[in-house]
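Residue-level structural notes
Here are the chains, one letter per residue:
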Amino acid sequence: MKHRPPCTALALSACLLLSACAGPGAAPSGTDAPSASPTPSAAETADSLQYLTPQREGGMYASGTGPGTGSDELLLWVDYAQGAVTCLCAQPNCDHRTDACTARVPLPEGSQYTPIVLCRAAPDGRLILYVSAEAGSIWVANADGTDRRAVVDWTADSIYPWLADGEALYYTGFRASGAEVSPTILYRVPLDGGQPEEVLRLRNAGDGTEQEEIIGAWGRNAVTLYADLRDVMTVAKPDLPPDVTPEEHAAAWAAYDAEVAGHKVTRQVCLRNVDTGETTVLAQWETAGLDAGWLTGWQDGRLYQLSDDLSAARVTTPDGQVTEAAVQWPEELAGLSHGSGLNGIVGGQMLVNCYPADAPGGHRVAVDPATGACTEIRLMRLDPGNGAEQPMNLYGAGGGYVLLACEQRQTTRTELGADGALYDAQVYEERYGLLTVEDFLASRQNWTELNGGYQLSVFAAVG
């Protein structure tokens, strides 16, 4: 791969520190050094893996509550062309209150848990559901919600669906036993059901010394983000007595942070082949302490990165080619800090949310990695909690559209209680709007407002 040229150290942001000039360092013990990547032609095959998202051509899957259903979580379809949210129900004249409704979340009989449910689009046109209640489970259904079947039923700890091809689902899982946590393992299970098989062991020991997560797919490779934290973990955290004063608490943690900053973390983005187990290091860099170094995202076969001092943007392709540009940060936004990662990648632009240090509110900026040009997305709404302006919540992007929660207001809604009685509840309701990607990036409020009266769950949000 091409290494970035030396550069001059720039001012650091108030939130995260970065040695932006640091090139890839030596591979840590137990990891592979950067190596030649597979060629794109070798990876673009009919059985390529797909990173699971809610998006499908023409719309996206979601979950949420609807008119007359109280707080019951339902499976939903957001139709971009129609500008509507509809219940994912195949039953005629259904009131969405019985288990015959295909929009109801599959739960164990008698469950009193409010489930967390994620809806994902599989490559073969089917729907993948991740449901977390007493325990996690993963279901496969037809695109209209019918013919649901559980393909993974995990009785403890954690599972999560990440990837799929036309035949199989790939999910991670780990179990804990007392104080010991097992490594995170990537499993494969047929979409039609069957026995799971172990595919890869992620470098995630469970004790915090190493972390590896899946951020995308390319060909037959899972794209992972890895951090070797073993050196940082040698620094003991403050063990303070219960009667410590605020000044002593602050001083102890400041000393800890200063010592951690003197240690190094090596980070990598890797291509990990699910068939052969081969690991290819696509990018590698070293940071001081717990600083991220580069805010990282993967989309459409490209690695997008923004330095966490917001001074440089770069794109890396799977064959190791790197393009980089200095970020032309707006003067009026100088000195702002940012969140822990990219807010999304829309229209080839990296989105980052930034915040002032001494006031509520925030800003969303689109960074063009090809030129370094920055554009503030001036689509804002008032936070009803503190009255400050915040960027509108981004719920989805695909098919040339962006879905935003453009307003939040407090209202009274009739809910159905556990005892079957109706009562008036004070709730916050969102108003949703669709914009074309072009209008979104230009901050033009040419809304198509969604109708249907449904409230999307926060679990549908991206970024």
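Residues numbered from 1 in each chain as written. Predicted model: local features only at pLDDT ≥ 70, side-chain atom pairs only at ≥ 80, totals over all residues. Heavy atoms only, no water.

Next up on the list: the environment of Gly344. Here Gly344 is to be found in strand β25 (residues 344-346). Looking at Gly344, the relative accessible area reads 19%, which means it is buried. With 53 residues separating them in the primary sequence, Gly344 and Ala397 have C-alpha atoms 8.8 Å apart. Dropping the residues within four chain positions of it, Gly344 is found in contact with Gln349, Met350 and Leu351. (Helix = DSSP H or I, 4+ residues; strand = E, 2+ residues; numbered from the N terminus. Buried < 20%, exposed > 50% of the residue type's maximum accessible area, 1.4 Å probe, protein only. Contact = heavy atoms within 4.5 Å.)

Here we come to the sheet that holds strand β10 (residues 158-164). Pairing between the strands of a sheet comes from backbone hydrogen bonds, and it takes one of two forms, parallel or antiparallel. Sheet architecture is open: five strands sit in the order β1-β10-β11-β14-β15, paired in antiparallel fashion. Whereas interior strands pair on both sides, the edge strands pair on one side only; in this sheet they are β1 (50-51) and β15 (197-201). Note: β1 against β10, two bridges, orientation antiparallel. Looking at the pairing, Tyr51 lines up with Leu163 of β10. (Pairing = 2+ DSSP bridges.)

Moving on, we come to the sheet that holds strand β6 (residues 116-121). Reading across from one edge, β6-β7-β8-β9 is the order of the four strands in this open sheet, with antiparallel pairing throughout. At either margin of the open sheet sits one strand with a lone partner, and together these are β6 and β9 (149-153). Taken pair by pair, the neighbouring strands of this sheet meet at an average axis angle of 25°, ignoring direction. Sheet topology note: the strand β7 (residues 127-132)/strand β8 (residues 136-141) ladder contains six bridges and is antiparallel. Paired with Tyr130 across the two strands is Ile138, which belongs to β8. (Axes fitted to C-alpha atoms, helices over the stretch in contact; angles between N-to-C directions.)

A few words now on the nonpolar core. Judged by nonpolar contacts, the single largest core of 19 residues is most densely connected at Val78, Val85, Leu403, Tyr432, Leu450 and Leu456. Contributing elements (two or more residues each) for this core: β3 (59-65), β4 (74-79), β5 (84-87), β32 (401-416) and β33 (422-436). Of all the elements, β4 adds the most residues to this core, at three residues. If we skip the residues at most four places from it in the chain, Leu450 touches Val78, Gly83, Ala84, Val85, Leu403, Tyr432 and Leu434. (Core = buried A, V, L, I, M, F, W, Y, C linked by side-chain atoms within 4.5 Å.)

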